[in-house]
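Overview (structure and organization)
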Amino acid sequence: MFRFICRRLVLSLITVWMVVTFTFLLMHHMPGELFVVKKNVPPQVLENITQKYGLDRPKLEQYFIYLGNVVRGDLGISMKYTNKSVNTIISKAFPVSVDLGLRALFIALSMGIILGIIAALNKNKPLDDITLFISVIGVAVPGFVLGTLSQYLLCYKLTGFLSRVTGSSFRLFPVSGWKGFSYTLVPSAVLAFGAMAIIIRMMRSSLLDVLELNYIVNAKVKGLSSREIITKHGIKNALFPIVSVLGPLSVSILLGSFAIEKIFSIPGLGHYLVTSVQEKDYTMVIGLSLFTSLIVILVNTITDILYSIMDPRVQLK
Amino acid sequence: MFVSRAVKAIVQNRIAVTALLFLGLVFIVSLIYPLLSEYNYYAHNLDNVFLPPFSGKHVFGTDNFGRDLFVRVCEGAKISLKIGLAAALIQTLIGIIYGCLSGVYGGIIDEIMMRIADMFHSIPSLIIVILLTTFMGRSEMTIIIALSITDWTGMAKIMRGQTLLLREMEFVQSAKVLGVGNLRIITKHIIPNSMGAILVNVMLSIPAAIFAEAFLSFLGLGIEIPKASWGTLANEGFVYASSYPWLVIIPLSFIAVIMICFYVIGDTIKDALGG
Amino acid sequence: MEKLLELSDFSLYIKENKILDAINLCIGRGEIVSVVGESGSGKTMLAKSILNIVKAKHIRREGRILLEGKSIEDLPDEQMLKIRGKSIGMIFQEPLSYMNPTMKVGKQLTEPLIKHCGINYREAVEKLKLLLDRLKIDHLKEYLNKYPHELSGGMAQRGMISSTASCLPKIIIADEPTSSLDLIAQKSIIELLKSMTCDFGISVIFITHDLSLADKISERVIVLSKGRIVEEGKTKEVFINPKSEAAARLTASALRKVGNFNTKKTNAEKDILIRIEAVDKHFPNKTSNVLTDVSLEIYKGETVGLVGESGCGKSTFARLIARIIKPSAGKILYRNEDIFKSANYPQKVQMIFQNPFFSLDPQMKVENIVIEGVGRKYLPKKEALERVKHYLEMVGLEDDEISTRYSYQLSGGQCQRVSIARALIMNPELIVLDEPTSCLDTVSQAQILELFKRLKAENKVGYLFISHDIRLLAHICDRIAVMYKGTIIETGSCEDVLVRPVHPYTKQLISVCYNGT
């Protein structure tokens, strides 16, 4: 077990190094090389970045300066604004993204597992068909499509209608922003939907698979009731496939949040990443991308380790 | 055998047939739309901005520059489908070759190749695509390449699994005993017997690639104007969502319905082939 | 004897198919009854029907099942729960798959006790320990704290039996409890079941396809065929004088009435074909060697048998000789040449595998399979087909259509013949046979053995015949090697090994095989 965790960590570190190196190469060796296009950069900023990235030094030294900065946790500065660094943006935006992501993850997991169990226990009955329909929509329809449509229907139409009917200025679902509980409802639900759909399907099929297995027959032969069989032997074993996709799911929620943040004007990581791409603030793009990648790698590593601890069957390679 | 089983499964499933017909329709219309409409996708007409659907000859209405939305959706279909298909096929090809080699050679080579694939897998592909397109320009080609080189690990892992499984199967071992070479074992035994898994994977990669492109373009990081994929159209229309909702709803609906079609077909094949 | 369980005119239909047809059956208290039948005869369905756990759509049950005179066939599920595990317990063929992989062994083995006797986990463990003690399971505490995947099949089955017996049910239904286990574990399970009857008065319904096994455990046997009881009586009598066709087939398979190879010892001049020198094989991720210091010589034209229990390294050994895997240490020499340097080794050594269905590529036609080793492109099409036909005829597949079929359109016996043709077309001097008959039904088994015998006479090809069944080898081999835990512990002529075994394990193997028949 210990060896597995160590190997996994080493692997992650190498991956991190790969990403850091990749971003460095991208900055310096791609067509339209970024530090050649200096004409739009204000002189004060140019001086800052020259100093920060050691642009007056040889390439190799620049690489080690860059690596050193990353290791120290300094992801760089903006090449558009004098007073912005990647770290200040992250400290502002990341908590918002995490907040949104965790809400979505919570909704996705709890609803997904419950609906999945309901669907499995009502196999081929109307309740199963309904959940199946929900999950097909959720799996197939991209989150940003759902987001835009639900913003239009719920935030413009429904909320507008309610305000008009009640005659008050109360907004049930505000259109955009991130200023209170009511602002979080629609975005986190929409963000959760795709992941929830996947969890429903996995939970349903994995519970049905488990219930076909020999040890369930054996539990029945022992005289356990259906309820005991499902709670004691069924659900725990059926949960493993879900734990194994927890990493990829969290990642898809994190990335999906980029679009949701755009739609609902939520000041999270994605919002700033998109803005900096559009403003051609390349150092900012690199810094934010690097940070997102690191988070993703971290999430994947943690869930992998978690899975290996939970399932006694995983080969401890 | 796998292909015929897949086709049979689709034909027998009414929903899958509908999905296939709809896909075919979109595909054909996107090719022959110049015969159906007198407009083109780039010419501005500032007299006719924001026309709602079914006004005159503008079936889907017009956008903020008075461009015909129907024509733009058709043009968008071409781009979206092209990117989706190309990226999915390249990914699959890379995945098959990589997975087979890794599985057949085994041992330390396999170990190293799989660790490399693991690394690629744990890097978020969308971020890489955003970086590549930001620094290399946002042409269709860059997007196809960026999507292909980031998302091949799934297929590679499946193919490796298949290879390891089949390698231990007695018919492959007996081919080895008969003196059949590695390359021939791959092409004659392993790939034909993995066609089911490959087919299923292709069918799931296409919508994934279409999604990725639409996602990027929706964020404004994808295909650049005046060319427009569905994602770009939705992004442009998004600004006017509250007043002229059709500008965003129509392209989004196409994305949604096409994705559902692909998933239905993919699922049918998956069920039939037990992938 | 007091009637405990009685089935009268019990029938089971799934959709419109009659799975069980008017079964009449009676089991007394403390009695062991064997139910014997070929696969598909309805044995398992009968067992599951008693507990009403047959899982299928459109089920219809007719007739009655009486437990101590009370009818239980149409009890509602809640009341069946009180019978399952408490009055009637059941154990299964592959014990490991019947255990929850994520629950500790102790926890799941105590489940019946906790459920039916209303005691807590600790008390249940104490009670279970009393039973497990009798099974000579060492390190009881560790055993209960393990997860199923850490157990061997035999260990798991012993645990399952004691768990089932712990509630003192009136009947234990044992559905092929030993057929996935090796001979030694088999013997201990049989003894355990017998002792349950002696000590606790538990009746046992022992379901098996092996009549000789039935003979070891029970005096009374019921023969099932196609869902009907075709014969019933004393096991010994059925064995010696079977009246029904099904029973006769089963008896034949138990006795393995196969002809002798009749080969005289041809080691007048010792022409060594293959020499295995001190070979070790170690797989990554495994702590111990699969094979340790194995040496063996095979002479030209002789048949060597290799016997050992499952997991002893037999198949690994076969694959080494067939050059599928490489040894970790040691050498394998073919006429004094390292086989990994030999250019045309496929023309010298070929191999036949255990499962005939798996050994043919499902995507290829028979003709392409057979010609694969020769390489079809080197031959004109007509000549290739001629050769395929010639070799298919040689293995007794005369039907012309066979060559254009796929493996899934053939029977197991036919598939195995195709594999043999594919090996023969290479004109080898030695064929490695890895349990070539163990997946086949009794009839094909005998036919394939006949075929080997004929081929040996015609083609002067030698065999390395691998099996877990020393009786089978005794019929067909010139020499026998015994493998135990990855080493060859004994080699010698058939007679020497069987009549004058040296190693205690060989003695045990022989006594397990021959006792009772």
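These figures come from a predicted structure and were not determined experimentally.

About the thresholds
Residues numbered from 1 in each chain as written. Chains lettered and ligands numbered in written order. Predicted model: local features only at pLDDT ≥ 70, side-chain atom pairs only at ≥ 80, totals over all residues. Heavy atoms only, no water. Helix = DSSP H or I, 4+ residues; strand = E, 2+ residues; numbered from the N terminus. Buried < 20%, exposed > 50% of the residue type's maximum accessible area, 1.4 Å probe, protein only. Contact = heavy atoms within 4.5 Å. Rg over C-alpha atoms; globule rule 2.2 N^0.38 Å. Areas by Shrake-Rupley, 256 points an atom, 1.4 Å probe, with all protein chains shown as cover. Pairing = 2+ DSSP bridges. Axes fitted to C-alpha atoms, helices over the stretch in contact; angles between N-to-C directions. Phe/Tyr/Trp six-rings, centres within 6.5 Å; stacked < 30°, edge-to-face > 60°. Lys NZ or Arg CZ within 6 Å of the ring centre and 35° of its normal. Salt bridge = Lys/Arg side-chain N within 4 Å of Asp/Glu carboxyl O. Buried area = accessible area lost by both parts, 1.4 Å probe. Polar contact = N/O pair within 3.5 Å; in protein donor to acceptor, adjacent residues only side chain to side chain. Nonpolar A, V, L, I, M, F, W, Y, C, P; charged D, E, K, R; others polar. Arc of directions from axis to C-beta. Patch = residues over 30% accessible without salt bridge, like charges linked within 9 Å, V, L, I, M, F, W, Y side chains within 5 Å. Expected span 1.5 Å × (residues − 1).

As for the overall build of chain A
Each helix and strand counted, chain A has 11 helices and 0 strands in total. When the helices and strands of chain A are listed from N to C terminus, the series reads α-α-α-α-α-α-α-α-α-α-α. Projected onto its principal axes, the C-alpha coordinates of chain A cover approximately 80 × 65 × 30 Å. Considering chain A as a whole, with its 317 residues, one finds that 51% of them fall into the buried category. The long-range share in chain A, meaning contacts at least 24 apart out of those at least 6 apart in sequence, stands at 73%.

What about the overall build of chain C?
The helix and strand tally for chain C stands at 19 helices and 20 strands. Taken over C-alpha atoms, the radius of gyration comes to 26 Å for chain C, in line with the 24 Å a tight globule of 517 residues would show. Overall size of chain C, expressed as C-alpha extent along the three principal axes, is 75 × 50 × 40 Å. Taking all 517 residues of chain C together, 54% fall into the buried category. Taking all contacts inside chain C whose residues are at least 6 apart in sequence as the whole, residues at least 24 apart take part in 69%. Per element, the accessible surface of chain C, about 22600 Å² overall, is 49% carbon and sulfur.

Regarding the sheet that holds strand E1 (residues 3-14) of chain C
Adjacent strands of a sheet pair through backbone hydrogen bonds, lying either parallel or antiparallel. Residues and elements named next belong to chain C. Taken in spatial order, the 4 strands line up as E2-E1-E4-E5 in an open sheet, and their pairing is antiparallel. For this open sheet the edge positions go to strand E2 (17-28) and strand E5 (70-71), each flanked by a neighbour on one side alone. Taken together, the 8 bridges between E1 and E2 define a ladder with antiparallel strand orientation. Bridged to Phe10 within E2 is Ile23. Lying on the sheet, helix H1 (residues 43-51) is in contact with E1, E2 and strand E4 (59-67); it crosses E1 at an angle near 110°.

Section: the packing of aromatic side chains
Under the criterion given, the structure shown has 23 aromatic pairs over all chains. Ring centres of B:Phe60 and B:Phe254 lie 6.0 Å apart, and the angle between their planes is 55°; this geometry places the pair in the tilted category. Of this pair, B:Phe60 sits in the loop between helix H2 (14-36) and helix H3 (69-105) while B:Phe254 sits in helix H11 (residues 246-273), and the two are 194 residues apart along the sequence. B:Phe254 carries the same exposure label as B:Phe60, and that label is buried. Taken together, A:Phe144, B:Phe211, B:Phe215, B:Phe218 and B:Phe238 form an aromatic cluster joined through their ring pairs. Seen from the ring of B:Phe218, A:Lys262 lies directly overhead, with NZ or CZ sitting 5.5 Å from the centre. Here C:Lys107 stacks its cationic end above the ring of C:Tyr121, 5.1 Å away from the centre of that ring.

Looking at the sheet that holds strand E9 (residues 220-225) of chain C
Residues and elements named next belong to chain C. Here 6 strands make up an open sheet; going across it, the order is E6-E7-E8-E3-E9-E10 and the pairing mixed. This sheet does not close on itself; its edge strands, each paired only once, are strand E6 (88-91) and strand E10 (228-234). Within this sheet the neighbouring strands show an average axis-to-axis angle of 20°, counted without direction. Set on the sheet, H1 makes contact with strand E3 (32-37), E6, strand E7 (171-175), strand E8 (203-208) and E9; between it and E6 the angle comes to about 145°. Contacts between helix H7 (residues 153-166) and the sheet are confined to E6 and E7, with E6 contributing the most and set at about 175° to the helix.

A closer look at the pattern of salt bridges
When charged atoms on two side chains of opposite charge get close, those side chains can pair. The full count for this structure, using the stated rule, is 43 salt bridges over all chains. One salt bridge in this structure joins B:Asp118 and B:Lys157, with 3.0 Å as the shortest N-O distance. In this pair, B:Asp118 sits in helix H4 (residues 107-122) while B:Lys157 sits in helix H7 (residues 153-168), placing the two residues 39 residues apart along the sequence. The salt bridge partner of C:Glu6 is C:Lys3, with a shortest N-O separation of 3.6 Å. One connected set of salt bridges, linked through shared partners, spans A:Arg7, B:Glu111, B:Arg115, B:Asp118 and B:Lys157.

Considerations on the interface of chain C and chain B
Between chain C and chain B, the residue contacts involve 22 residues of the former and 17 residues of the latter. For the pair chain C and chain B, the summed buried area comes to about 1800 Å², and 57% of that belongs to carbon and sulfur atoms. Taken together, the connections running from chain C to chain B amount to 0 salt bridges. Linking chain C with chain B are 8 residue pairs in polar contact (both at pLDDT 80 or more). If one sorts the elements of the side of chain C that touches chain B by residue count, strand E16 (residues 349-352) of chain C sits on top with 3 residues.

Thoughts on the interface of chain B and chain A
Between chain B and chain A, the residue contacts involve 38 residues of the former and 44 residues of the latter. Between chain B and chain A the total buried area reaches about 3900 Å² when both faces are included, carbon and sulfur atoms providing 80% of it. Contact with chain A buries surface across chain B, with B:Met119, B:Phe135 and B:Leu219 losing the most and accounting together for 18% of the total. In this structure, the salt-bridge partner of A:Arg7 is B:Glu111, at a minimum N-O distance of 2.7 Å. On inspection of chain B and its partner chain A, the count reaches 5 residue pairs in polar contact (both at pLDDT 80 or more). Among the elements of the structure, H4, helix H5 (125-136), helix H9 (182-218), helix H10 (230-238) and H11 of chain B are those that each provide at least two residues to the side of chain B that touches chain A. A class-by-class count of the residues in the side of chain B that touches chain A yields 28 nonpolar, 5 polar and 5 charged.

Structural notes on the side chain of A:Ser257
Residue and element names in this part refer to chain A. Among the secondary structure elements, Ser257 is positioned in helix H9 (residues 226-263). Relative accessible area serves as the criterion here: at 1%, Ser257 is assigned to the buried category. Once residues lying within four places of it in the same chain are set aside, the contact partners of Ser257 are Leu100 and Leu191.

Considering helix H1 (residues 2-12) of chain B
All names here are of chain B. Looking only at H1, the buried set comprises Phe2, Ala6, Ala9 and Ile10. The arc enclosing the buried residues of H1, seen along the axis, measures out at 100°, which places them on a common side. Residues of H1 that are exposed and point over 90 degrees away from its buried face: Lys8, Val11 and Gln12. Where H1 is buried, its residues meet H2, H9 and H11.

Things to note about a nonpolar patch on the surface
Residues and elements named next belong to chain B. Taken together, Leu93, Ile97, Leu101, Tyr105, Ile108, Ile109, Ile112, Ile116 and Phe120 make up a surface patch of nonpolar side chains, about 840 Å² in accessible area. Contributing elements (two or more residues each) for the nonpolar patch: H3 and H4. Per element, the largest residue contribution to the nonpolar patch is 5 residues, and it comes from H4. As for its position among the elements, Phe120 is in helix H4.

Some words on the environment of A:Asn237
Summarising the element assignment, A:Asn237 is placed in helix H9. Since its relative accessible area comes to 5%, A:Asn237 is described here as buried.

A look at helix H5 (residues 126-140) of chain A
The periodicity of an α-helix, 3.6 residues per turn, causes residues three or four places apart in sequence to face the same way. A rise of 1.5 Å per residue sets the reference length of H5(A), with its 15 residues, at 21 Å; its end C-alpha atoms lie 21 Å apart and thus fit the reference within 8%. Here H5(A) has its buried residues at A:Asp128, A:Thr131, A:Ser135, A:Gly138 and A:Ala140. Buried positions along H5(A) lie against helix H4 (86-121) and helix H7 (181-211) of chain A together with H11 of chain B.

Digging into the pairing of strand E11 (residues 272-281) of chain C
Residues and elements named next belong to chain C. Here E11 pairs with strand E12 (residues 291-299) via 6 bridges, running antiparallel. Note that in E12 the partner of Ile272 across the bridge is Tyr299. The sheet contact formed by E11 and strand E14 (residues 329-334) spans 5 bridges and is antiparallel. Residue Asp280 lies in a different strand from E14, and its bridge partner there is Ala329.

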